[in-house]
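What follows is the residue order along each chain.
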Amino acid sequence: MAIMVVCGVAVVVALALTVRWRNYAFVPDSMTDASMVVRLRGLARILAVGALTGLAVGTLFIGPAGRLAMRLLAATSPDAQGRITEADEVVGRITVGGTIGFWLFVGLPVGMVVGLVYVFVARALPRGLLGGAIYGATLLVLFSWWLDPLRAENPDFDLVGPGWLALTTFAILAVGAGAVTASVAGRLESSLREPSRAWLWWMVPIGLLAVPSLLFIWPALVIVSLGCVVCLGLPAAAGFLRRRGRLVLQAALGAAVLVALPGFISAVARIA
């Protein structure tokens, strides 16, 4: 019970901060006419906002909310109590060690990916909570059906449920994570100072956490890598990026969603 209370408090804090910071928006500078030194500093700032956002979102929302979702599905599946999940966990048993492990190996890595990808695609989204919610829903469609949590081949859906509750719960979590990400990124972007050498003391450890997270979810690595290349800039493309950058991002996200949609619908149908 104490573990669930702590997780619940963390989620409430995350949602309260999201509402409080709802008027902040992450608005990256295109830096198309800046020198290379200025672009490097700008890129460092963008990566810092993304990494810190991911750290906060993973710690306060994704980890705790994911644990609460698991408890909810276990509570609504009395016949599954004591059964072993795909991750070798016992259904219905919530332990401190299991919760810390979930936070370390799921909450933080996923949060890091969510935060870093957001700062490179935010330009394509509406500002504020609406853009964050759209971002979360987009990630759900793009990744959940082949990675997790809505992977149709996951045998855990044969243990816990019902399916409609699992789908609804994870959809709410995805949209909520997106909204929290948008608010936190906006707040951090407005408060972070210009990059300095002192940043190395905290950026290096956070970067060491971010790298394996991105390697595990390779499409996120592609997005972040391309974003870095664009931020450093191709002088010949400067004018085009200034005029059409948002439209290009929106078209790319839309195309990716259309490609992923059949797989997502198939997974939803299987789980439901």
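Residues numbered from 1 in each chain as written. Predicted model: local features only at pLDDT ≥ 70, side-chain atom pairs only at ≥ 80, totals over all residues. Heavy atoms only, no water.

Peer 1: What's the story with unusual backbone geometry in this structure? I'm lost.
Peer 2: Excluding glycine, residues mostly have negative phi values, and the peptide bonds linking residues are mostly trans. With an omega of 10°, the peptide bond between D148 and P149 qualifies as cis. Topologically, P149 is positioned in the loop between helix 4 (128-143) and helix 5 (163-191). (Helix = DSSP H or I, 4+ residues; strand = E, 2+ residues; numbered from the N terminus.)

Peer 1: I keep staring at the packing of aromatic side chains and nothing clicks. Help me out?
Peer 2: One pair of aromatic rings is described through two measures. These are the centre distance and the angle between the planes. Under the counting rule described, the total for this entry stands at four aromatic pairs. Plain terms: the ring middles of F143 and W146 are 6.1 Å apart, the flat faces sit at 50° to each other, and that makes the pair tilted. Note on F143: relative accessible area 12%, which makes it buried. Residue W146 is classed as partly exposed on the basis of its relative accessible area, which comes to 30%. Taken together, a centroid distance of 5.1 Å and an interplanar angle of 45° make the contact between W199 and W202 tilted. Taking relative accessible area as the criterion, W202 reaches 26% and is therefore assigned partly exposed. An aromatic cluster is present here, built from F26, Y118 and Y135 joined pairwise through their rings. (Phe/Tyr/Trp six-rings, centres within 6.5 Å; stacked < 30°, edge-to-face > 60°. Buried < 20%, exposed > 50% of the residue type's maximum accessible area, 1.4 Å probe, protein only.)

Peer 1: What's the story with the side chain of T169 in this structure? I'm lost.
Peer 2: By the secondary structure assignment, T169 is in helix 5. In this structure T169 comes out as buried when scored by relative accessible area, which is 12%. Filtering out sequence-adjacent residues up to four positions away, T169 remains in contact with A69 and L72. (Contact = heavy atoms within 4.5 Å.)

Peer 1: Can you help me understand the packing of helix 2 (residues 36-75) against helix 3 (residues 96-121) in this one?
Peer 2: Pairs of packed helices are described in terms of their axes, by the angle between the two and the distance that separates them. Remark: helix 2 packs on helix 3, axes separated minimally by 5 Å, with the N-to-C direction vectors making an angle of 140°. As summarised for this structure, helix 2 and helix 3 are arranged oblique, according to the angle between their axes. Relative to helix 3, the crossing made by helix 2 is right-handed. For the contact of helix 2 with helix 3, the per-class residue count stands at 17 nonpolar, 12 polar and one charged. (Axes fitted to C-alpha atoms, helices over the stretch in contact; angles between N-to-C directions. Parallel < 35°, antiparallel > 145°, perpendicular 65-115°, else oblique. Left-handed = near helix turned anticlockwise from the far one by under 90°. Nonpolar A, V, L, I, M, F, W, Y, C, P; charged D, E, K, R; others polar.)

Peer 1: Before we go on, may I ask you to explain the pattern of salt bridges in this structure?
Peer 2: When the charged atoms of two side chains lie near each other, side chains of opposite charge can form a pair. Tallying each qualifying case throughout the model produces one salt bridge. R151 is paired through a salt bridge with D148; the nearest N and O atoms lie 3.6 Å apart. Residue classification places D148 among the partly exposed residues on the basis of a relative accessible area of 39%. (Salt bridge = Lys/Arg side-chain N within 4 Å of Asp/Glu carboxyl O.)

Peer 1: What is the right way to read the layout of surface pockets from this model?
Peer 2: It is a probe the size of a water molecule, rolled over the atoms, that shows where empty space is left. In this structure, the largest pocket spans a volume of roughly 1500 Å³. What lines the largest pocket is a set of 49 residues, among which F102, V106, D148, P149 and F170 lie closest to the centre. Elements with a contribution of two residues or more to the lining of the largest pocket: helix 2, helix 3, helix 4, helix 5 and helix 6 (200-216). Tallied by class, the residues present in the lining of the largest pocket amount to 31 nonpolar, 10 polar and eight charged. (1 Å grid on protein atoms, 1.4 Å probe; cavity = no way out; pocket = protein on both sides within 12 Å on 5 of 7 lines; lining within 4 Å. Points joined across faces, edges and corners; volume = space filled by probe spheres on them.)

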